[in-house]
Amino acid sequence: QVHLVESGGGLVQAGGSLRLSCAASGRTFSTYVMGWFRQAPGKEREFVAAITRSGGNTVYADSVKGRATISRDNAENTVYLQMNSLKPEDTAVYYCATRHSSVLRDTPYQYDDWGQGTPVTVSS
């Protein structure tokens, strides 16, 4: 099992930016697809972005496309999510997750290990 720790969340004004980080334990980080999800109060967990093992391919939810960038540093066992032009509807707890496969997917049940999440609040 992989231990994941998210950081970088906080309170930001609408239009601002945040960079979320997710540090993973273990030596197998580079073998996992990595994903970011979020869950707003009273809502289901939803997909935000995912990145292949090498970082060569990415996929984004329509709601963040053009405003979010997912990246990874396999030497540092870390995946990032840069969020720009933040909106109040981006307010949620953001989670990173591993997928023990080479194929990108966008549903939570297809991911294997999860962090505890980092909260993001965007004020209007």
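Residues numbered from 1 in each chain as written. Predicted model: local features only at pLDDT ≥ 70, side-chain atom pairs only at ≥ 80, totals over all residues. Heavy atoms only, no water.

A.B. asks: Where do I start with the state of the cysteines in this structure?
C.D. replies: Overall, the coordinates contain one disulfide when judged by the stated rule. Paired through a disulfide, C22 and C96 show a sulfur-sulfur distance of 1.9 Å. On the sign convention where negative means left-handed, the S-S torsion of about 50 degrees between C22 and C96 marks this disulfide as right-handed. Highlighted residues: C22 in strand β3 (residues 18-24) and C96 in strand β9 (residues 92-99), separated in sequence by 74 residues. Like C22, the residue C96 is buried in the burial classification. (Disulfide = S-S within 2.5 Å. Helix = DSSP H or I, 4+ residues; strand = E, 2+ residues; numbered from the N terminus. Buried < 20%, exposed > 50% of the residue type's maximum accessible area, 1.4 Å probe, protein only.)

A.B. asks: Can you help me understand the pattern of salt bridges in this one?
C.D. replies: Pairing is possible between side chains that carry opposite charge, provided their charged atoms lie close to one another. Tallied over the full model, the rule gives four salt bridges. Note that R38 is salt-bridged to E46, the shortest N-O span being 2.6 Å. Taking the relative accessible area as the measure of exposure, R38 reaches 5% and is therefore buried. Across the salt bridge formed by D90 and R38, the nearest N and O atoms sit 2.9 Å from each other. One end of the pair, D90, is in the loop between β8 (78-83) and β9; the other, R38, is in strand β4 (residues 33-39), and 52 residues separate them in sequence. Three or more residues are tied together by salt bridges with common partners; here these are R38, E46, R67 and D90. (Salt bridge = Lys/Arg side-chain N within 4 Å of Asp/Glu carboxyl O.)

A.B. asks: Looking at this structure, how should I read the sheet that holds strand β7 (residues 68-73)?
C.D. replies: Strand pairing in a sheet relies on backbone hydrogen bonds, with the paired strands running either antiparallel or parallel. If you walk across this open sheet you meet the four strands as β1-β3-β8-β7, and the pairing is antiparallel. Only two strands of the sheet have a single partner each, and these edge strands are β1 (4-7) and β7. Recorded for the sheet is a direction-independent mean angle of 15 degrees between the axes of neighbouring strands. Where β7 lies against β8, six bridges are found, and the strand directions are antiparallel. (Pairing = 2+ DSSP bridges. Axes fitted to C-alpha atoms, helices over the stretch in contact; angles between N-to-C directions.)

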